[in-house]
Amino acid sequence: MALLAAVMLTAVAAWTITSLYHHYSDVIDLAKLSELSANITHLDETLTSSARVAALSNDPEWDRKYDEAAKEFAPTWEQLKRELARNELGIRTGAADQADRETTRMEREALALAGDGNTAAATALLSTDRYREMKATFGQLTSVINQVVREHIENGRERTSRRNAILIGTCLLLLPLFVISWAYALMALHCYIEARDRAEQSVRESDERFSIASRATNDVIWDWNLADNTVWFNEALQTNLGYSSWGMVNITRWADAIHPEDVRGVMDSIRTMVDSDGQSWAREYRFLRGDGKNYAYILDRGFLMRDADGKPTRMIGAMLDLTDAKRAEAELREVNVQLERLGRKNELILNAAADGIVGLDLDGRATFINRAAAEMLRLSMNNLRGQRFHELIHHTREYGKAHPFEECPNMRALRDGEMSRVPNDIFWRRDQTSFAVEYSTTPMRNESGQLVGAVMTFHDTTERLEVQRMKDEFVSIVSHELRTPLTSIRGALGLLAGGLMASSPVKGQRMLDIAVSNTDRLVRLINDILDIERIDSGKVVLTKSICNAATLLRDSIDVMRPIADKAGVLLELGRVESATINADADRVIQTLTNLLSNAIKFSPSGSAVTISAIHERDGVAFRVKDRGRGIPADKLDSVFDRFQQVDASDSREKGGSGLGLTICRSIVREHGGEMHVESVVGEGSEFRFSIPAALLEASGRKPGAAPRIVVCDDDPNLREVLEAMLDGYGYDVRTAEGGDELLRLLPSFTPDVILLDIFMPAGGGWETLSRLKNNPETAEIPVVILSGIKADEMAAPFDLAGWVNKPLDERTLIATLEHALGLAGRRPRIMIVEDDFDLARVITESFARHGIETCHAATGREAIALAREVTPDLLILDLVLPELDGFGVVEWLREQEKLCKVPMVVYSATDPTTSERQRLTLGPTQFLTKSRVPPQEFERRVVDLLATMTRTQKEIAHVA
Amino acid sequence: MSPKRILIIDDEDDIREVAAITLEIGGFEVLTASTGRKGIECAAAEQPDAILLDVMMPELDGPATFAMLRQFQATRDIPVIFLTAKVQSADRRCLGSLGARAIMAKPFDPNSLASDISAALGW
């Protein structure tokens, strides 16, 4: 198009220039003009002369000549006139033309006259002035023309240059247009050509670029010739997918490497694309790596080329290895799962936190509130909507003064991004009661550090403040209590030291007495304070053993009897039931003597103090009753508190520290018992405390009841020793010196076990045994033989519960007896090693419902002591124990022949590690974690385990 | 000039005894009472020149006794000195606000107690 325009423009320009040239050329072409002028002059002269001659001669030849000339004259004249008119030389032809027409008419007349023979008239006509004038006029024209021509010839150079100037000017004028148009045209042409070239070159370049890119890229590039189904792969196939270079291969090689599950989909998708006139294709599939084992996740994208007929010819594409991306994606997914889990965990953690945690937005509205906060404030998320948290819980200060939000320390966190901590403040619950809190508010910022809110954590300090108050009070009281005897000591000694007593030895002695007695008081006080602190903080380890309540009672009375006698108070034994307790005997005696001491102090002379031990459902209740002045009802609650004597002067009069009862109660509580007091003013007081029963009961015995035993031996010394020993172990002991006495005893005293000396003179052991076993009423009583001969040397005709050799080994005897007692019922027995008394009790009770017996040890050392006496069917073991931990217990148990295969359940607070588990395994061992296995579930599992176990045992027994 | 008479009110027998001997040696005439109530009765009856008053006592403690002494016409003007084992600053501030002439700490130095009392009372 541009080219066409350019061509047209060129034509126009050419025409213009040509026209101009021609224009100037005509003016300048003087030759033609002068030729025409000469011709005209010549013709004019010919006409004139031929007309004259004809007129004179009337010769027709001249007429013809005239006509010929006239014929030639007319067009030449016309031509000249045209030329003159066109060249605008300023030469008028009008006059010449008129003169021509006049002379021609006159000549034609003359010729006619001459033809008529009137030559004279004809000649005369042509000789007239008019004719001459006319001819001259016409002739003037040619001379003008000639002159002009001459002038032109003279100015020829100038004219030429003007022509040239005009031409050049025109050319110059046209040139830019010309240039622009042609430039444009050429550009258009160039563009066309370039486009064509570029198309060609781009194909060339793209091929080149393709090959460079193919080499440079990490992606696997392929080029599939559909005509012959060959495909070329770049080097990335090698570097990325681990193939040795393929170069040009058949497409099947590629298809074969696609995962069998994916190959069909891949092929189908290509076919679909081709069939649907598509151009681009993309597909994810798994592609075998060069190692022939692993698959890479590939994103393959291809571009289809078709020929002019639309027939597919070539397909080029790139395989992108997505394996890492996929893995990252999977990881991200996993991370998200983790995050979600973490979110849930965080929520759990937040909800498990004991502190209240509240999330606040910038307006101070709560966006989150954890369980503790909700409970403390008696709020739920629903109560929070829309309201500022401050208005809900923090609106009023402690003494009723309004607390505006602007003054709230939380504002600092929200407005200034500063953390604030307030140790002493109050929050208001929903029911408009308040409580003391300590809280801190931490600003929350997002990743870019912009303040987005705050987190407030708080806790109820009511209890802490109370504890603090009590502590302050205690310190104050202790300070006072210590200073009081010190005042006397300091005063008395000061007087002596100052020599002020020198004059009065009696007063001096008195001062010394005061100093000494107050020093004693001070020592007692300090001991008691330390004692109570040690017991309360658990630093005093009770050395528990199995002891008989009655024994402890008797021992205490023995200690206090001299004091009672001195005070004239009678110590009286009330009901004393034999019962076994697992207790620290010294501490129980300390408690009893303390109570007795108090009772004696407050008893009027001549009155009695009664002491008793009564068997209760789950232990033994000790009672100390006096008939003193009693305790006022309002003091009953505080009588066990520190330094809370009913009358402060008591401590002086009665020599107490004011801590005795507090210590007593602490000791009892350490044993898992409780202490109470009942009192009527004027009648007396009764202090009671309970100590839980030892949990090593054998079958058939009531909990807490002592196992009954009859010791049958002819040796009175041995009988006495055995009685004392067994009594010490909590047995209810009867003795018999021979078989006859034993049999007499039995109807009134049914023992749980009989210890029988087999070699006795009167009645003989064997005979006695035979009588026992043959009597249905006594046949079931387990009998343990006491003998100087080893069991395997004897053929025992009866089913014996045990055999103990003389000389006696205490431990063996007790173990055998326990074993014998256990045999009676064959109920499964579980030993619980657990330092948490509450938990132990819960477990004990839950197993009692299943008819399972339990025994309990609170420390590792106790567990070992207990395991020596009792062989449990199952051991429940806590790992963290005082004295010796669970690992130590297991280590010991593993060395015991009887115990190394005992099934065990490790019920610990934390999960033991694998190596710890190996260290812990005894018999069949299960590991249960306290936090994850709730008590009911724990109970079920242990019962199941026990059931499986006893079944197995029975089966074994049957097979045997 | 007859010796100044001082009433000691303290529930601790030994302290009462030591203090009494101390002040007697120091040249005072000493009266004693083992409870607040007895102290007030004694003060009203005997009109001592000063009262040395223990703080921690059962039933009627030092401050209560002091308040009652201030209630009665007969005892209102007798100067009172607290003699106390409560030596923590908070306790002292609390006692100080009651209006006693002085507060003296237990344990006391028997060799200076009499002169301290005289100094406190401007004798």
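A brief look at the structure comes next. These numbers come from a predicted model, not from an experiment.

### Concerning the interface of chain B and chain A
Item 1. Contact residues are listed per partner, giving 23 residues for chain B and 28 residues for chain A.
Item 2. Of the roughly 2200 Å² buried where chain B meets chain A, counting both sides, 62% is carbon and sulfur surface.
Item 3. Run the count over chain B and chain A and you get four salt bridges.
Item 4. The leading source of residues in the side of chain B that touches chain A is helix α1 (residues 13–25) of chain B, at eight residues.
Item 5. Its residues assigned to classes, the side of chain B that touches chain A shows 11 nonpolar, three polar and nine charged.

### A closer look at the sheet that holds strand β13 (residues 570–576) of chain A
Residue and element names in this part refer to chain A.
Item 1. The five strands lie next to each other as β13-β15-β16-β18-β17, forming an open sheet whose pairing is mixed. Each edge of the sheet is formed by a strand with only one pairing partner; in this case those strands are β13 and β17 (675–680). Averaged over all pairs of adjacent strands, the angle between their axes in this sheet comes to 15 degrees, without regard to strand direction.
Item 2. Here strand β15 (residues 608–616) runs beside strand β16 (residues 619–625); their pairing, made up of seven bridges, is antiparallel. Counterpart to I611 in the pairing with β16 is V624.

### Re the side chain of D713 of chain A
Item 1. On the secondary structure map, D713 of chain A appears in the loop between β19 (708–712) and α23 (716–728).
Item 2. Sequence-distant contacts of D713 of chain A, that is, excluding residues within four places in its chain, are made with L718, R719, A736, E737, D757, M760, L786 and K806 of chain A.

### Some thoughts on the nonpolar core
It is characteristic of soluble globular proteins that their nonpolar side chains tend to be buried jointly.
All names here are of chain A.
Item 1. If you look at the biggest cluster of nonpolar residues, it comprises 37 residues, and the most contacted ones within it are L571, I581, V588, L592, F622, V624 and F689.
Item 2. If you list the elements that add at least two residues to this core, you get α18 (549–567), β14 (580–583), α19 (585–602), β15, β16, α22 (660–670), β17 and β18 (684–692).
Item 3. Of all the elements, α19 adds the most residues to this core, at seven residues.
Item 4. Setting aside anything within four residues of it in sequence, one finds L592 in contact with L552, L553, S556, I611, F622, V624 and F689.
Item 5. Ranked by size, the runner-up nonpolar core spans 32 residues in total, among them I40, L43, A54 and A114.

### What about a nonpolar patch on the surface?
Item 1. There is a patch of nonpolar side chains on the surface, built from L332, V335, L339 and L342 of chain A and spanning about 350 Å² of accessible area.
Item 2. With respect to the helices, strands and loops of the structure, L332 of chain A is situated in helix α11 (residues 323–352).

### Re the sheet that holds strand β11 (residues 451–460) of chain A
All names here are of chain A.
Item 1. Pairing in this open sheet of five strands is antiparallel, and the strands run β8-β7-β11-β10-β9 from one edge to the other. Of all strands in the sheet, those with a lone pairing partner are β8 (366–369) and β9 (420–428), marking the two edges. Between one strand and the next, the sheet's axes are offset by a mean angle of 30 degrees, whatever the strand orientation.
Item 2. Where strand β7 (residues 356–361) and β11 come together, six bridges link them in antiparallel fashion. Bridge pairing links I357 to T457 in β11.
Item 3. Most of the contacts of helix α15 (residues 409–416) go to β11, to which it runs at about 155 degrees, and overall it touches β7, β9, β10 (434–445) and β11.

### A look at unusual backbone geometry
Item 1. Residue P107 of chain B follows K106 of chain B across a cis peptide bond; omega there is -5 degrees.
Item 2. For P107 of chain B, the location among the structural elements is in the loop between β5 (102–105) and α5 (113–121).
Item 3. The backbone phi angle of N229 of chain A is positive, close to 60 degrees, even though this residue is not glycine.
Item 4. Within the fold, N229 of chain A resides in the loop between β1 (220–225) and β2 (230–233).
Item 5. Exposure remark for N229 of chain A: the relative accessible area of 32% places this residue in the partly exposed category.
Item 6. Of note, E59 of chain B is a non-glycine position whose phi angle comes to about 60 degrees, a positive value.

### Let's talk about the environment of N410 of chain A
Residues and elements named next belong to chain A.
Item 1. As for its position among the elements, N410 is in helix α15.
Item 2. With 50 residues separating them in the primary sequence, N410 and L360 have C-alpha atoms 9.1 Å apart.
Item 3. Here N410 is in contact with L360, H394, S420, Y439, T441 and M456, once residues within four sequence places are set aside.

### Looking at the packing of aromatic side chains
Residues and elements named next belong to chain A.
Item 1. Scanning the entire structure with this criterion turns up 15 aromatic pairs over all chains.
Item 2. Ring geometry for F73 versus F138: centroids 5.6 Å apart, planes at 55 degrees, classification tilted. Within this pair, whereas F73 is found in helix α3 (residues 60–87), its partner F138 is found in helix α6 (residues 129–154), the two being separated by 65 residues in sequence. With respect to class, F73 is no different from F138; both count as buried.
Item 3. Here the aromatic cluster, defined as three or more aromatic residues joined through ring pairs, consists of W224, Y243, W254, Y285 and F287.

### With respect to the pairing of strand β1 (residues 5–9) of chain B
Residue and element names in this part refer to chain B.
Item 1. In terms of burial, β1 is a largely internal element, five of the five residues being buried.
Item 2. Side-chain alternation along β1 places R5, L7 and I9 on one buried face and I6 and I8 on a second face that is also buried.
Item 3. Note: β1 against strand β2 (residues 29–33), five bridges, orientation parallel. Bridge pairing in β2 links I9 to A33.
Item 4. Crossover β1 to β2 through α1 is right-handed.
Item 5. In this structure, β1 lies alongside strand β3 (residues 50–54), joined through four bridges in parallel fashion. Of the residues in β3, the one forming a bridge with L7 is I51.

### Quick notes on the side chain of R429 of chain A
Residues and elements named next belong to chain A.
Item 1. Mapped onto the elements of the fold, R429 is located in the loop between β9 and β10.
Item 2. For the buried R429, no salt bridge exists, and the shortest N-O distance to an oppositely charged side chain is 4.3 Å, to D460.
Item 3. At 3.3 Å, the side chain of R429 and the backbone oxygen of M376 are in polar contact.
Item 4. Residues within four places of R429 in sequence aside, it is in contact with M376, L377, R378, S434, F435 and D460.

### Here we look at helix α4 (residues 94–115) of chain A
Item 1. Compared with an ideal rise of 1.5 Å per residue, which puts 22 residues at 32 Å, α4 of chain A spans 31 Å between its outermost C-alpha atoms and is within 8% of the ideal.
Item 2. Where α4 of chain A terminates, the next one or two residues include G117 of chain A, which has phi positive at roughly 90 degrees.

### Observations concerning helix α28 (residues 837–848) of chain A
Residues and elements named next belong to chain A.
Item 1. For α28, spanning 12 residues, the distance from its first C-alpha to its last is 16 Å, which sits close to the expected 16 Å at 1.5 Å a residue.
Item 2. Taken as a whole, α28 has its buried residues at L839, A840, I843, T844, S846 and F847. In a view along the axis of α28, the buried residues occupy a sector of 170 degrees, so they form one face of it.

### Re the pattern of salt bridges
Residue and element names in this part refer to chain A.
Item 1. As enumerated under the stated definition, the model contains 47 salt bridges over all chains in all.
Item 2. Residue R397 pairs with E407 through a salt bridge whose shortest N-O separation is 2.5 Å. Highlighted residues: R397 in the loop between α14 (389–393) and α15 and E407 in the loop between α14 and α15, separated in sequence by 10 residues.
Item 3. What makes R397 partly exposed here is its relative accessible area of 28%.
Item 4. Within this structure, E78, K81, D97 and R101 form a network of salt bridges that share partners.

### Considerations on the packing of α19 of chain A against α22 of chain A
Residue and element names in this part refer to chain A.
Item 1. Relative orientation of the contacting elements α19 and α22 amounts to 150 degrees, with a least axis distance of 9 Å. Relative to α22, the crossing made by α19 is left-handed. Here R587, Q590, T591, N594, L595 and N598 of α19 come into contact with α22, specifically with G660, L661, I663, C664, I667 and V668.
Item 2. Within the contact of α19 with α22, the residues separate by chemical class into six nonpolar, five polar and one charged.

What counts and what doesn't
Residues numbered from 1 in each chain as written. Chains lettered and ligands numbered in written order. Predicted model: local features only at pLDDT ≥ 70, side-chain atom pairs only at ≥ 80, totals over all residues. Heavy atoms only, no water. Contact = heavy atoms within 4.5 Å. Buried area = accessible area lost by both parts, 1.4 Å probe. Salt bridge = Lys/Arg side-chain N within 4 Å of Asp/Glu carboxyl O. Helix = DSSP H or I, 4+ residues; strand = E, 2+ residues; numbered from the N terminus. Nonpolar A, V, L, I, M, F, W, Y, C, P; charged D, E, K, R; others polar. Pairing = 2+ DSSP bridges. Axes fitted to C-alpha atoms, helices over the stretch in contact; angles between N-to-C directions. Core = buried A, V, L, I, M, F, W, Y, C linked by side-chain atoms within 4.5 Å. Buried < 20%, exposed > 50% of the residue type's maximum accessible area, 1.4 Å probe, protein only. Patch = residues over 30% accessible without salt bridge, like charges linked within 9 Å, V, L, I, M, F, W, Y side chains within 5 Å. Areas by Shrake-Rupley, 256 points an atom, 1.4 Å probe, with all protein chains shown as cover. Phe/Tyr/Trp six-rings, centres within 6.5 Å; stacked < 30°, edge-to-face > 60°. Right-handed = clockwise from strand over helix to strand, strands pointing away. Lys, Arg positive; Asp, Glu negative; His and termini not counted. Polar contact = N/O pair within 3.5 Å; in protein donor to acceptor, adjacent residues only side chain to side chain. Expected span 1.5 Å × (residues − 1). Arc of directions from axis to C-beta. Left-handed = near helix turned anticlockwise from the far one by under 90°.

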